[in-house]
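Chain residues, written in single-letter form:
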Amino acid sequence: MSKTEIFYNPIGVIHSEHIAAEKTPIQPAYAKDCKGQAEIFPEFAAGLQDLDGFSHLYLIYHFDRAGSAKLMVMPFMENIERGVFATRSPRRPNAVGLSIVELVRREGNVLHLERVDILDGTPLIDIKPYTVKFDCIEKTRNGWQDNIDEQTAQRRGRRGYDG
Ligand SMILES: C[S@@+](CC[C@H](N)C(=O)[O-])C[C@H]1O[C@@H](n2cnc3c(N)ncnc32)[C@H](O)[C@@H]1O
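A brief structural summary. (Residues numbered from 1 in each chain as written. Predicted model: local features only at pLDDT ≥ 70, side-chain atom pairs only at ≥ 80, totals over all residues. Heavy atoms only, no water.)

With that settled, the discussion passes to unusual backbone geometry. For Asp33, which is not glycine, the phi torsion reads 70° and is therefore positive. On the secondary structure map, Asp33 appears in the loop between β1 (12–16) and β2 (35–40). Relative accessible area serves as the criterion here: at 46%, Asp33 is assigned to the partly exposed category. Of note, the phi angle at Asp50 is positive, near 80°, even though the residue is not glycine. Here Asp50 shows up in the loop between β2 and β3 (56–62). Residue classification places Asp50 among the exposed positions, given a relative accessible area of 58%. (Helix = DSSP H or I, 4+ residues; strand = E, 2+ residues; numbered from the N terminus. Buried < 20%, exposed > 50% of the residue type's maximum accessible area, 1.4 Å probe, protein only.)

Now the structure itself:
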């Protein structure tokens, strides 16, 4: 089996109010009132055409402050180690982050966003529109997360963030 190196150039940078990883909500679901912007570099700005009609976007980005990768990690929501691929931990072999954020408006090459769970200055790799036609799955199994009650999820998910 061959091992291939992959290089990506960022298409932009994410700005947010989050400067401390441990105080940043762990998902957009727990990041109500967390505003941010995706600033797209001018050479990619033409690709933003037609994005305005979508209310939600996938942001794909590089966890540039993640630390070394681990195959077993402690999820933020509980105190039992899990395989990293069964979690959203930043400490992954490939430090790729994925957040579904709300697109409030676009101003030229700047996307104004809500529900941002991403540190300020994070390099942005890609944007894709979230769409109900492709992405909305009605019936799911949610692994170890099915055992976590909503109150615990909210408390741990917001990580003390109070706006
Ligand atoms: C559990 S991860 C989930 C991120 C994303 N929604 C996902 O599922 O890939 C969220 C945490 O990643 C950390 N984080 C955010 N941006 C980061 C960055 N640029 N480098 C390292 N860690 C980051 C913050 O501590 C935040 O609470």
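What follows covers the layout of surface pockets. A volume near 1600 Å³ is recorded for the largest pocket. Taken together, the elements giving at least two residues each to the lining of the largest pocket come down to β3 and β6 (96–107). Here the lining of the largest pocket gets five residues from one element, more than from any other, and that element is β6. Partitioning the lining of the largest pocket into residue classes produces 27 nonpolar, eleven polar and twelve charged. Its boundaries defined by the atoms lining it, the second largest pocket holds a volume of some 340 Å³. Surrounding the second largest pocket, 14 residues form its lining, Ile6, Tyr8, Asn94, Ala95 and Val96 being those nearest its centre. Residue composition of the lining of the second largest pocket, by class: nine nonpolar, four polar and one charged. (1 Å grid on protein atoms, 1.4 Å probe; cavity = no way out; pocket = protein on both sides within 12 Å on 5 of 7 lines; lining within 4 Å. Points joined across faces, edges and corners; volume = space filled by probe spheres on them. Nonpolar A, V, L, I, M, F, W, Y, C, P; charged D, E, K, R; others polar.)

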